[in-house]
Each structure stands twice: as C-alpha cells, then as structure tokens.
Amino acid sequence: MKITSAEFVKSAVWPNQYPPATMPEIAFVGRSNVGKSSLINALVGRKSLAKTSNTPGRTQLINFFTVNSSLFFVDLPGYGFAKVPRSVRKDWGDMIETYLRERRNLALVVFILDVRRDPSADDLSLRDWLDHYRIPYAAILTKADKLSNQQALGRKKLIEKAMGKGASGNTILFSAKTRKGSEELWQFIERHLSGLENR
C-alpha cells in the first residue's frame, strides 16, 4: 500500500475516550519489547510515529493513529515481563480486554511474537481470548533478521504448532530492520479488509 499520510490521533484508556468508530481498525498487540512500535513505524514508513523504547512496558495507553485517512492503527500496551506493579499490570489487562471485546470497528489484530522465543503463557492466553471472541488475527514474527533464513523458517513452524490452527496460514516473518514481511503484511491487511467489505 502507498502511504500518503500517517498521523497520531489520541491516547485513551477506556471506551469513552476512544475516537469515533468511523473507520476499520487494525490493533497491534504483543508482549513488552517484542518490537511493536518498530513494526508500526516500518509499515507506515515513518521513523517515530509510534514511540520506541528500550524499556519494556513504556506504552501504557491505547494509542490511535490514522493511516491514509481510511483506517486506524491502534497500538495496545505491551504485556508480560515489564517491571511495573501488579495492580498496574491488571489495569493494562482490563484496558486491552475491554478494547478488544467492545470496539465494534475492530477488523483485525496483528498479534506480534518474537521469532526467537516460544509463545509465553500470556501469549497463549491472548490467543485463547481472541479465539473465544472470534477476533481474526495475523501472527507476525518479528526480529527475523537475527536468524538465518533456514533458522527463521524452522522457528516459524514451531511457533505455528504452538499457536494452533488459528495461526496456520496467517503467520508472517518480519524484520523492522530490513522491512522483510512489510509488503506481505500489507497485502494480508488489504485482502482481509476487502473481504469484510464484500460480506
């Protein structure tokens, strides 16, 4: 997709703070430090649309961006090993769950995993949650440039097996550094959105 515009709209915590649900939304979710902001920036060809940080758990709000004035990208807070108090972690979980369950224009979840790591208990419970609510997702395996092509393909098979049938055929190897997988993910998003329009 040719990106003509990508702009930050607002940050929110709860539904009454979300922007109006006027366009399809693609939500990006994954554990802290998985490369979520870098993935968003690579997709829109901007260096710092989504703020990247070396400190896991820095994104603590739901951040909304418009892309080409035709869809929203939604950056959800990372989960997992961030060094934050348990009460804050619970609020993050509630915030993410409320968004995923209640946002009616949510079209697709981009479920981000580090290709070098096995899916964590948090990853698997998010997968169960998406399956339960029948929310479609694509599994994006980041940091593919850190492995050889052969190694990355081997890890992809193992992760697909661990994630189960929901990930089969929807798994893309990605590198923010080399932009590997960007075009493939855009094609997946466009196909998915056009399938929704034709229903």
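This text follows the structure it describes.
Attention here is on the structure that accompanies the text. (Residues numbered from 1 in each chain as written. Predicted model: local features only at pLDDT ≥ 70, side-chain atom pairs only at ≥ 80, totals over all residues. Heavy atoms only, no water.)

## A word on the pattern of salt bridges
Thinking step 1. This structure, assessed with the given rule, holds eight salt bridges.
Thinking step 2. A salt bridge links Arg-116 to Asp-114; the shortest N-O distance between them is 2.8 Å.
Thinking step 3. With a closest N to O distance of 2.9 Å, Asp-118 and Arg-155 form a salt bridge. Placement of Asp-118 in the loop between strand 5 (106–114) and helix 3 (121–132) and of Arg-155 in helix 4 (residues 149–163) is noted, with a sequence separation of 37 residues between them.
Thinking step 4. By relative accessible area, which is 53% here, Asp-118 ends up exposed.
Thinking step 5. Assessed through its relative accessible area of 15%, Arg-155 is described here as buried.
Thinking step 6. Three or more residues are tied together by salt bridges with common partners; here these are Glu-97, Arg-101 and Glu-102. (Salt bridge = Lys/Arg side-chain N within 4 Å of Asp/Glu carboxyl O. Helix = DSSP H or I, 4+ residues; strand = E, 2+ residues; numbered from the N terminus. Buried < 20%, exposed > 50% of the residue type's maximum accessible area, 1.4 Å probe, protein only.)

## Considerations on the packing of aromatic side chains
Thinking step 1. Scanning the model with the defined rule gives nine aromatic pairs in all.
Thinking step 2. Relative to Phe-73, the ring of Phe-28 has its centre 4.8 Å away and its plane inclined at 65°; by these criteria the two rings are edge-to-face. You can see Phe-28 sitting in strand 2 (residues 25–30) and its partner Phe-73 sitting in strand 4 (residues 71–75), a full 45 residues away along the chain.
Thinking step 3. Owing to a relative accessible area of 0%, Phe-28 belongs among the buried residues under this scheme.
Thinking step 4. Both rings, one in Phe-64 and one in Phe-72, keep their centres 6.2 Å apart while their planes meet at 85°; by these two values the pair is edge-to-face. We note that Phe-64, like Phe-72, is buried.
Thinking step 5. Among the aromatic residues, those joined into a ring-pair cluster are Tyr-18, Phe-64, Phe-72 and Tyr-99. (Phe/Tyr/Trp six-rings, centres within 6.5 Å; stacked < 30°, edge-to-face > 60°.)

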